[in-house]
Amino acid sequence: MEPRRKVAGEIAQIIGGQLQGQLQGQLADQVKRRYAAWNDPRAKLDRRYRRSSRVLTFWLIVLALLTAVGTLAVLGVIAPGIGVGAALGFAGTSVLAVRTNIRMRGIDAQRRELQAAPVREPLPARSSGARQPMERLEEAEDTLRELLRQLDSAALTSVPTDSVEQARTTGAEASAAIRAVSRQLQAVERARDTAPPLDRAPLVEGVRRLRAQLDEGVDGYCGLVAAAGRVLAESTASNPRQVLGDATDHLAGLASALRELSR
């Protein structure tokens, strides 16, 4: 019985070590995501705006109290000296309130500027099969954004504005669908890593299938980028609408298929 117990103990230690390593990896990913969310410029501005809002509320309450004291002094209920002090305090507090309000407006303007910029999710962990496709997607997004900006310029009158806008909208929809598949892939990977060995086969197949869908989606997005690049390179072509429209329609169909599969 002793050899059997020894072998069983060794197996338990191996499995326990593997599970501990997997849990530590997942915990590290969660810590990284939370750290990235905390340091996100939007989150920082939101915190500054909330702090300024609380400070402004405090100054407004002080102003209300000083106004009440000044009113009582005018009515003769309290000593005139207290009223003079309240008036001086009111003037100083008003300056502080105005400065806080100006600071809040500046922060709000910065928030609006950031809202206009694209919001990106943190990249998947390096050990995830979704990492490499999502890196490709981010690079393709930057390239498409610049291409469409140039195609939408007044100097390129041969490219219809509605075609450029349709390509931009379809690209955003496709990016959202691709990221949904990426999140699914990462979730299934975590399930695969924590499942008992005998239950991993269907999860391994699920990971393989989702990775194939992710690659297909990114390839389709890159196809739109290539089409926009061809249109920009031949901006004086006779029919740029067809070149850009065909790629846009193809990507729209692919994004629709990805959304259906993700459900």
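My aim in this report is to walk through the structure given alongside it, one point at a time. (Residues numbered from 1 in each chain as written. Predicted model: local features only at pLDDT ≥ 70, side-chain atom pairs only at ≥ 80, totals over all residues. Heavy atoms only, no water.)

What the protein contains, in helices and strands, is seven helices and zero strands. Taken from the N to the C terminus, the helices and strands of the protein come in the order α-α-α-α-α-α-α. Within the protein, the proportion of its 263 residues that are buried is 29%. Summarising the internal contacts of the protein: among those between residues at least 6 apart in sequence, 73% fall at separations of at least 24. When the accessible surface of the protein is split by element, carbon and sulfur atoms take 59% of a total near 16,400 Å². (Helix = DSSP H or I, 4+ residues; strand = E, 2+ residues; numbered from the N terminus. Buried < 20%, exposed > 50% of the residue type's maximum accessible area, 1.4 Å probe, protein only. Contact = heavy atoms within 4.5 Å. Areas by Shrake-Rupley, 256 points an atom, 1.4 Å probe, with all protein chains shown as cover.)

Quick look at the pattern of salt bridges now. Close approach of charged atoms allows side chains with opposite charge to pair. With the rule as written, the count across this model stands at nine salt bridges. Across the pair Arg 208 and Glu 205 runs a salt bridge whose closest N-O atoms are separated by 2.5 Å. Here Glu 205 and Arg 208 lie together in helix H6 (residues 201–233), a separation of three residues that amounts to about one turn. Residue class for Glu 205 comes out partly exposed when judged on its relative accessible area of 38%. Residue Asp 215 is joined to Arg 211 by a salt bridge in which the shortest nitrogen-to-oxygen separation is 3.0 Å. You can see Asp 215 and its partner Arg 211 sitting in helix H6, four residues apart, about one turn around the helix. A relative accessible area of 26% means that Arg 211 is categorised as partly exposed. (Salt bridge = Lys/Arg side-chain N within 4 Å of Asp/Glu carboxyl O.)

Take the nonpolar core next. In this structure, Leu 144, Leu 151, Ile 178, Leu 214 and Tyr 221 are the most contacted members of the largest nonpolar core, which totals 30 residues. Of all elements in the fold, only helix H4 (131–151), helix H5 (161–194), H6 and helix H7 (240–262) reach the threshold of two or more residues within this core. Setting aside residues up to four positions removed in sequence, Leu 144 forms contacts with Tyr 221, Leu 224, Val 225 and Ala 228. Leu 56, Leu 63, Ala 97 and Met 104 belong to the second-largest nonpolar core, a separate cluster that totals five residues. (Core = buried A, V, L, I, M, F, W, Y, C linked by side-chain atoms within 4.5 Å.)

A surface patch of positive charge is lined by Arg 48, Arg 50, Arg 51, Arg 54, Arg 99 and Arg 103. Mapped by element, the contributors of at least two residues to the positive patch are helix H2 (41–74) and helix H3 (80–116). With four residues, H2 is the single largest residue contributor to the positive patch. With respect to the secondary-structure elements, Arg 99 resides in helix H3. Given a relative accessible area of 52%, Arg 99 falls into the exposed group. (Patch = residues over 30% accessible without salt bridge, like charges linked within 9 Å, V, L, I, M, F, W, Y side chains within 5 Å. Lys, Arg positive; Asp, Glu negative; His and termini not counted. Charge placed at Lys NZ, Arg CZ, Asp CG, Glu CD.)

Right, let's talk about the packing of H4 against H6 for a bit. Here H4 crosses H6 at 20 degrees, and the two axes come no closer than 9 Å. On the basis of the axis angle, H4 is roughly parallel to H6. Of the two elements, H4 crosses H6, and the hand of that crossing is left-handed. When its residues are assigned to classes, the contact of H4 with H6 shows 16 nonpolar, four polar and five charged. (Axes fitted to C-alpha atoms, helices over the stretch in contact; angles between N-to-C directions. Parallel < 35°, antiparallel > 145°, perpendicular 65-115°, else oblique. Left-handed = near helix turned anticlockwise from the far one by under 90°. Nonpolar A, V, L, I, M, F, W, Y, C, P; charged D, E, K, R; others polar.)

A few words on the side chain of Ser 52. Looking at where Ser 52 falls in the secondary structure, it is placed in helix H2. Using a relative accessible area of 7% as the deciding quantity, one classes Ser 52 as buried.

All right, on to the side chain of Thr 100 then. Mapped onto the secondary structure, Thr 100 falls in helix H3. Filtering out sequence-adjacent residues up to four positions away, Thr 100 remains in contact with Ser 52, Val 55, Leu 56 and Trp 59.

Interpretation note: all reported values are geometric properties and have no functional meaning in isolation.
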